[in-house]
2 protein chains.
Amino acid sequence: AAGIPIFGLDALSSAAYGPEAALTLLIPLGLMGVREIVPITAAILILLVILYFSYSQTIEAYPHGGGSFTVASENLGDGAGLLAAAALMIDYVLTAAVGISAGVGALISAVPSLQPHTLAICLGILVLLTLVNLRGVHDTGLVFLIPTYLFIGTMIVVIGLGFFHVVVTGGHPAPVDAPPKLPPATEALTLWLLLKVFSSGCTAMTGVEAVSNGVMAFREPTTKNAKRSLTIIIALLLVLLAGIAGLCRFYGIGATDPTGTGYQSVLSQLTAAVAGRGWFYYVTIGSILLVLALSANTAFADFPRLTRAIALKNYLPHVFILRGRRLLYSHGIIALVGFTATLLILFGGVTDRLIPLYAIGAFLAFTLSQAGMVMHWRRNKGKGSTARMCINGLGAVATGITLLVVLVAKFVAGAWVTALLIPCLILVMMAVHKHYRKVAAETASHEPLRVDNLRPPLVIIPLDRWSRITEKGLRFALMMSQEVIAVHVDSTEAGETGRSICDDWNTEVLEPIRKAKLTEPKLVTLKSPYRFVLQPLMEFVLQAEKQDESRQIAVLVPELVVKHWWENLLHNQRANVLKLMLLLRGSRRIVVINIPWYLDRG
Amino acid sequence: AAGIPIFGLDALSSAAYGPEAALTLLIPLGLMGVREIVPITAAILILLVILYFSYSQTIEAYPHGGGSFTVASENLGDGAGLLAAAALMIDYVLTAAVGISAGVGALISAVPSLQPHTLAICLGILVLLTLVNLRGVHDTGLVFLIPTYLFIGTMIVVIGLGFFHVVVTGGHPAPVDAPPKLPPATEALTLWLLLKVFSSGCTAMTGVEAVSNGVMAFREPTTKNAKRSLTIIIALLLVLLAGIAGLCRFYGIGATDPTGTGYQSVLSQLTAAVAGRGWFYYVTIGSILLVLALSANTAFADFPRLTRAIALKNYLPHVFILRGRRLLYSHGIIALVGFTATLLILFGGVTDRLIPLYAIGAFLAFTLSQAGMVMHWRRNKGKGSTARMCINGLGAVATGITLLVVLVAKFVAGAWVTALLIPCLILVMMAVHKHYRKVAAETASHEPLRVDNLRPPLVIIPLDRWSRITEKGLRFALMMSQEVIAVHVDSTEAGETGRSICDDWNTEVLEPIRKAKLTEPKLVTLKSPYRFVLQPLMEFVLQAEKQDESRQIAVLVPELVVKHWWENLLHNQRANVLKLMLLLRGSRRIVVINIPWYLDRG
Ligand SMILES: [K+]
Ligand SMILES: [K+]
Ligand SMILES: [K+]
Ligand SMILES: [K+]
Ligand SMILES: [K+]
Ligand SMILES: [K+]
């Protein structure tokens, strides 16, 4: 049961917003609407049980971890894998966004004066999570353990105490702290509304796949331990969801306007109604806030792992494979934070607006995972494989239908965002893949090294005047090749004077070279009006390139390297500009070499 | 007289804000205050006549252009030159800022509903001027000619018609369109107030130095033509200033609150009072707006020329010397626009707040220029040089006293900004100069080229796997040196597989080299966990550097060069990071060479 705090967080914390998401849509039905939460929850619980059996089988079949991306790519092909990848990325981003926003919802229920600062607090928590994760905290067991058990414990006390009152009062408990009065009904019950309520309520199931993702992290026997944890987690979730629905029904607790000033989360109303607003209330709310924030934190572990897996298949930039300092996949973390912040800002940190986006991503991932399992059993025939295929088939059909219901019922409310994002993500991933394939094809070589024509390159070195920088550059040129051309661009304007390399060429360069009987470098002077230096140089290099089609050309640019960034403002970035220009206009035979001369250094 | 539109713009346009600047300070005196404009203007006219004689002499002495920076540096030394440089930079920035803000002031007098958008319109005009100047308009003669003559013409019509009415009505003209009633007096006249009024009014003289800056641009005989233009410009300015002051006195026109909603510029009130608000009024206001905007434009030509001159003496970054595309000194233009925009934003585009800053800069430049001329005549003794020295001495004393008056009277109102900026600018220029001196001293070489130890460098080339990119890099390495070490960093994690250079080294590299009987390169494999590639490579290079203290080391980094910027996101920027790391930690003996491999190119 050691896995429950870590792998149960995501699923169990969903109890804090799933039922509320359903109740929010029932607001227009008034008190009558609250009664509908019971049959809706019953339907959700049935789906949850189906998912339980389905994922139990995934655990057995994938003892090294069977995330949707793995299961879908392996069994349904790359296309389904990409679809699962896009769905999961969105799912993880929303796990972070909804975890944070729902946690802040709990906080502002307890301290209503914070309500105008909802978004700021959400972003503050996001920054906190980012800093903690970029520092790379490893031993977080205890941090997860205490809030999770506190959350489960307090919720069970609330549910137990609540039903005790219900039983004692014959079904008419008196709330200790009365919930806000339900508004009068303004709409009638329709099937369409029930479908929408069910779609929203389904977010209560998000996160149940966590155990199957991380089977390999359990102690031996891993499969058995993982299955036991899954059983406990689903059982607890069933109890929480059923208990919350039942108590709402008996206490007459509905959702409040999620953007209004009098907002009270359902769990806050429930706790206050059952146990009053004493210390127990604040401990409960505190544990809810912590558990939701920690469930957001699970995305910080899962998202970078997912992007790494996708990048390993060349569908995302390879930076996602690299580990930064502290061994973190920091690019993945940064991408997650960017997307999460964008969503929180776009939707004002209001959970209710994020729910439709979340449901689509989660159920698409569920469906692909279950469909993949069906194919898995078809391929790996064996004892009981037909029965297993049927169970996963049931799961696939159930989640698939739910997905369709969610897509249709929630399209206008926000599911369109996800429905649009998924193809966009897939297009990006395909473009990335295409690029890597193209580069691999273009650069692949099945021929051995060509050893013909290995004579040293023609070295061209632009020189301004004689200095230690010039000397270093020239020495390097002479080391590289016997054929060196020094180019001086004379850009002085009429009336200007000044010493140039031409004045010192004979005494400082040629004399020592003649004495040592080395090959003499050539000096070429290019006249240029208007202080243009780079253009004439460029033309000269391109001309030289044309003259000998088989020749490598090395352009040596001696450059000053300063100590402080601001000192760079004082020196023309000619070396860099020249390099860029030759990159743009030159051919593969031209190589630009900066010869650095460090100021203040030996 | 062809020089009047171009060289007279700056001076003549000052009539649009100088008198108003004085009148604004007289508001608290009510109607009584308006009378004081006459003696104040008289004092200003006397100073203007002194400046006329002074600058006539500068024109004669400096037929190639005698700007304050030139005159002060040549005659008073580098210190005074720097002071003049700082004063002039500020003067030009304020020429732009005040020209724009006063032009917008005229516009909102005619169309009061635009008043809330003052700053936005100011910045819009600045953007327009910037675009026009960055495009490099050359033949702008006509653009300057028409508005300037229209401005002079309409103003002379207003003044002539006004005085006709004054004479006809015996000194009590009836305004066609009555100016806003003057508020009752709330203060008494003090000498202190008169000093402040005089200080503000002195901005009416700014820009008279333009002819002396640009003598060389006049037709032969340049000196004579320049002097004639100066005479005409100053005469016109005298007429305008005297006329405006006199008519304000007779029509009882004062300034209005420059930040209030009912703002009406003095020239707008005057034109409306003399000629009514018909088409003539709008033509006049239009010509004022145009002339003021064009006077701001003169700063776009002068400021970059000034910064270039300062940079040529190594007191500003050398980028100011460079000409960009279209032969413009675009860095100077960008600096001017940055400063002007900052001032406009800080002071809300209100002319009245900018006046104190302007006066200081302009009069400091005047004083240094005249003092420089005094030294000039002392050194260049000749016929009449004593008399000339006396005239420039009078100019220096008069402008110097005015400078002190402005500094004291306007210190709190804003002169402190300029008084603080000038030493800051001087400190920056001195720091720049010190840096260039240091670099020159450190890199200067009076020794001839050392030709000892010119053996080719040790080449280290990191290789990942065999590809065309690898082949190109390796070929270049073999061209450069007989001693080549290929380094493979093996960063595969447990369970990962993949072909590396090690698998192909023998067949693809060594075999052809052995066949051709060339020196074999060495292959070194460095084991690295966690996909770190750069650190082990760095350590290896630094180690090699230590082993042979006399050896040059070339690190060759074969790199892929992509076509589109976004493709860079898909490739690890290892080459650049490695270069940066070696720049920071390596010595002068290490050179990093990127061997580019262009995608999609031959
Ligand atoms: K959650
Ligand atoms: K969840
Ligand atoms: K999730
Ligand atoms: K002006
Ligand atoms: K001016
Ligand atoms: K000026």
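The structure under discussion appears in the preceding block.
As the structure is a prediction and not an experimental result, all values here were calculated from the model. (Residues numbered from 1 in each chain as written. Chains lettered and ligands numbered in written order. Predicted model: local features only at pLDDT ≥ 70, side-chain atom pairs only at ≥ 80, totals over all residues. Heavy atoms only, no water.)

Description of the sheet that holds strand 1 (residues 458-462) of chain A
Residues and elements named next belong to chain A. The sheet built from 5 strands is open, its strands ordered 3-2-1-4-5 with parallel pairing. Two strands bound the open sheet, and with one partner strand each, they are strand 3 (522-527) and strand 5 (590-598). Taking each pair of neighbouring strands and ignoring which way they run, the sheet shows an average axis angle of 25 degrees. Relative to strand 5, strand 4 (residues 553-561) runs parallel, the two being bridged by 9 bridges. What sits directly across from Pro-558, in strand 5, is Ile-595. Its contacts with the sheet place helix 17 (residues 468-480) against strand 1, strand 2 (484-490), strand 4 and strand 5, and it is angled at close to 155 degrees to strand 4. Packing of helix 18 (residues 501-515) onto the sheet brings it into contact with strand 2 and strand 3, and relative to strand 3 it is tilted by some 170 degrees. (Pairing = 2+ DSSP bridges. Helix = DSSP H or I, 4+ residues; strand = E, 2+ residues; numbered from the N terminus. Axes fitted to C-alpha atoms, helices over the stretch in contact; angles between N-to-C directions. Contact = heavy atoms within 4.5 Å.)

What about the relation of the copies chain A and chain B?
Of the two same-sequence chains, chain A is brought onto chain B (RMSD 0.4 Å, axial shift 0.0 Å) by a rotation of 178 degrees. What the superposition gives is, in effect, a two-fold axis relating one chain to the other. A shared binding surface is used by both copies, with 99% of the interface residues of chain A retained as interface residues in chain B. (Least-squares fit on C-alpha atoms with pLDDT ≥ 70 in both.)

Examining the interface of chain A and chain B
Across the contact, 87 residues belong to chain A and 86 residues belong to chain B. Together, the buried faces of chain A and chain B total about 7,700 Å²; carbon and sulfur atoms form 58% of this surface. Of all residues in chain A, A:Leu449, A:Met479 and A:Arg588 bury the most surface against chain B, accounting for 11% of the area lost on that side. Linking chain A to chain B there are 4 salt bridges. Scanning the region where chain A abuts chain B turns up 16 residue pairs in polar contact (both at pLDDT 80 or more). Elements supplying a minimum of two residues to the side of chain A that touches chain B: helix 12 (279-312), helix 16 (411-443), helix 17, helix 18, strand 4, helix 20 (574-585) and strand 5 of chain A. Of the residues belonging to the side of chain A that touches chain B, the class tally is 48 nonpolar, 16 polar and 23 charged. (Buried area = accessible area lost by both parts, 1.4 Å probe. Salt bridge = Lys/Arg side-chain N within 4 Å of Asp/Glu carboxyl O. Polar contact = N/O pair within 3.5 Å; in protein donor to acceptor, adjacent residues only side chain to side chain. Nonpolar A, V, L, I, M, F, W, Y, C, P; charged D, E, K, R; others polar.)

Focus on the coordination of the potassium ion (ligand 5)
Ideal geometry at a metal centre: 109.5 degrees between donors when four sit tetrahedrally, and 90 or 180 degrees when six sit octahedrally. Residue and element names in this part refer to chain B. Ligation of the potassium ion (ligand 5) by protein atoms is provided by Asp-10 (O), Asp-10 (OD), Ser-14 (OG), Tyr-17 (OH), Thr-206 (O), Thr-206 (OG1) and Tyr-358 (OH), these donors lying 2.7 to 3.0 Å from the ion. The sequence pattern describing where the donors of the potassium ion (ligand 5) fall on their chain is D-x3-S-x2-Y-x188-T-x151-Y. Distance-wise, the potassium ion (ligand 4) is placed 3.2 Å from the potassium ion (ligand 5), both being coordinated by Tyr-17. Within this pair, whereas Tyr-17 is found in the loop between helix 1 (4-13) and helix 2 (18-26), its partner Tyr-358 is found in helix 14 (residues 351-379), the two being separated by 341 residues in sequence. A residue is classified by how much of its surface remains accessible, and Tyr-17, at 3% relative accessible area, is buried. The exposure class assigned to Tyr-358 is buried, which follows from its relative accessible area of 0%. (Donors = N, O, S within 2.8 Å, 3.2 Å for Na, K, Ca; no water. Buried < 20%, exposed > 50% of the residue type's maximum accessible area, 1.4 Å probe, protein only.)

Re the side chain of A:Ser56
Its location among the elements puts A:Ser56 in helix 3 (residues 30-61). Residue A:Ser56 is classed as buried on the basis of its relative accessible area, which comes to 7%.

Digging into unusual backbone geometry
Residues other than glycine predominantly adopt negative phi, and peptide bonds predominantly adopt the trans conformation. Residue and element names in this part refer to chain A. A cis amide bond, omega -10 degrees, links Glu-220 with the succeeding residue Pro-221. Tracing the sequence through the fold places Pro-221 in the loop between helix 9 (210-213) and helix 10 (222-251). Of note, Lys-517 is a non-glycine position whose phi angle comes to about 60 degrees, a positive value. Looking at the secondary structure, you find Lys-517 in the loop between helix 18 and strand 3.

Examining the pattern of salt bridges
Any two side chains of opposite charge can pair, given that their charged atoms come close. This structure, assessed with the given rule, holds 20 salt bridges over all chains. Notably, a salt bridge pairs A:Asp302 with A:Arg305, separated by 3.7 Å at the nearest N-O pair. Residue A:Asp302 and its partner A:Arg305 are located together in helix 12, separated by 3 residues, close to a single helical turn. Notably, a salt bridge pairs A:Glu471 with B:Arg450, separated by 3.0 Å at the nearest N-O pair. With A:Glu471 in helix 17 and B:Arg450 in the loop between helix 16 (411-443) and strand 1 (458-462), this pair bridges two chains.

Here's the deal with the packing of aromatic side chains
Evaluated as defined, the whole model comprises 15 aromatic pairs over all chains. Ring plane angle 80 degrees and centroid distance 6.1 Å describe the contact between A:Trp279 and A:Phe280, whose orientation is recorded as edge-to-face. Residue classification places A:Trp279 among the exposed residues on the basis of a relative accessible area of 67%. On the accessibility criterion, A:Phe280 (17% relative accessible area) is buried. Taking the centre distance of 5.0 Å and the plane angle of 25 degrees together, the rings of B:Phe7 and B:Phe218 count as stacked. In this pair, B:Phe7 sits in helix 1 while B:Phe218 sits in the loop between helix 9 (210-213) and helix 10 (222-251), placing the two residues 211 residues apart along the sequence. These aromatic residues form a ring-pair network of at least three members: A:Tyr55, A:Phe363 and A:Phe366. (Phe/Tyr/Trp six-rings, centres within 6.5 Å; stacked < 30°, edge-to-face > 60°.)

A few points about the pairing of strand 1 of chain B
All names here are of chain B. Buried residues dominate strand 1, accounting for 5 of its 5 residues. Covered by surrounding structure in strand 1 are Leu-458, Ile-460 and Pro-462 together with Val-459 and Ile-461, the residues of both alternating faces. Two elements, strand 1 and strand 4 (residues 553-561), share 3 bridges in a ladder whose sense is parallel. Within the sheet, the bridge partner assigned to Leu-458 lies in strand 4 and is Ile-553. Inspection of the sheet shows strand 1 paired to strand 2 (residues 484-490) by 4 bridges, in the parallel sense. In the sheet register, Val-459 faces strand 2, and the bridge partner there is Val-484. Traced from strand 1 through helix 17 (residues 468-480) to strand 2, the parallel crossover comes out right-handed. (Right-handed = clockwise from strand over helix to strand, strands pointing away.)

Points about helix 10 of chain B
In a regular helix each residue adds 1.5 Å, so 30 residues correspond to 44 Å; helix 10 of chain B covers 43 Å between its end C-alpha atoms and thus fits that length. With its phi angle positive at about 65 degrees, B:Gly252 sits one or two positions after the end of helix 10 of chain B. (Expected span 1.5 Å × (residues − 1).)

Brief notes about the coordination of the potassium ion (ligand 3)
Residues and elements named next belong to chain A. Around the potassium ion (ligand 3), the protein supplies Asp-10 (OD), Asp-91 (OD) and Thr-95 (OG1) as donor atoms, at distances of 2.8 to 3.0 Å. Positions of the donor residues of the potassium ion (ligand 3) along the chain correspond to the pattern D-x80-D-x3-T. The distance between the potassium ion (ligand 3) and the potassium ion (ligand 2) comes to 4.6 Å, with Asp-10 serving as a donor to both metals. In this pair, Asp-10 is assigned in helix 1 (residues 3-13) and Asp-91 in helix 5 (residues 78-110), connecting sequence segments 81 residues apart.

As for the packing of helix 6 (residues 118-135) of chain A against helix 12 of chain A
Residues and elements named next belong to chain A. Put simply, helix 6 and helix 12 touch, their axes get as near as 11 Å, and they point 55 degrees apart. If you check the angle between helix 6 and helix 12, you find them oblique. Between helix 6 and helix 12 lies a crossing whose hand is right-handed. Within the contact between the two elements, helix 6 uses Ile-125, Leu-126, Leu-129, Thr-130 and Asn-133 and helix 12 uses Leu-289, Ala-293, Ala-296, Asn-297 and Phe-300. Residue classes in the contact of helix 6 with helix 12 are distributed as 7 nonpolar, 3 polar and no charged. (Parallel < 35°, antiparallel > 145°, perpendicular 65-115°, else oblique. Left-handed = near helix turned anticlockwise from the far one by under 90°.)

Digging into the sheet that holds strand 4 of chain B
All names here are of chain B. Strand order in the open sheet made by the 5 strands is 3-2-1-4-5, with parallel pairing throughout. Looking at the sheet topology across the chains shown, the edges are occupied by strand 3 (522-527) and strand 5 (590-598). Averaged over all pairs of adjacent strands, the angle between strand axes in this sheet comes to 25 degrees, irrespective of strand direction.

What about the pairing of strand 5 of chain A?
Burial of strand 5 of chain A is extensive: 9 of the 9 residues sit out of reach of the surface. Alternating residues of strand 5 of chain A divide into A:Ile590, A:Val592, A:Asn594, A:Pro596 and A:Tyr598 and A:Val591, A:Ile593, A:Ile595 and A:Trp597, and every residue in both groups is buried.

Observations regarding the packing of helix 6 of chain A against helix 13 (residues 330-346) of chain A
All names here are of chain A. Relative to each other, helix 6 and helix 13 sit at 175 degrees, their axes nearing to 11 Å. As far as their axial angle goes, helix 13 and helix 6 are roughly antiparallel. Contacts from Leu-119, Cys-122, Leu-123, Leu-126, Thr-130, Asn-133 and Leu-134 of helix 6 reach helix 13 at Ser-330, Ile-333, Val-337, Thr-340, Ala-341, Leu-344 and Ile-345. Split by residue class, the contact of helix 6 with helix 13 holds 10 nonpolar, 4 polar and no charged.

Structural notes on helix 14 of chain B
In an α-helix, one turn spans 3.6 residues; hence positions three or four apart end up facing the same way. Residue and element names in this part refer to chain B. The end-to-end C-alpha distance of helix 14 is 42 Å, a good match for the 42 Å that 29 residues give at a rise of 1.5 Å each. Leu-357 marks the point of greatest bend in helix 14, at about 30 degrees. Of all 29 residues in helix 14, 23 are buried, a share of seventy percent or more. (Bend = angle between axes of the 7 residues up to and from the residue.)

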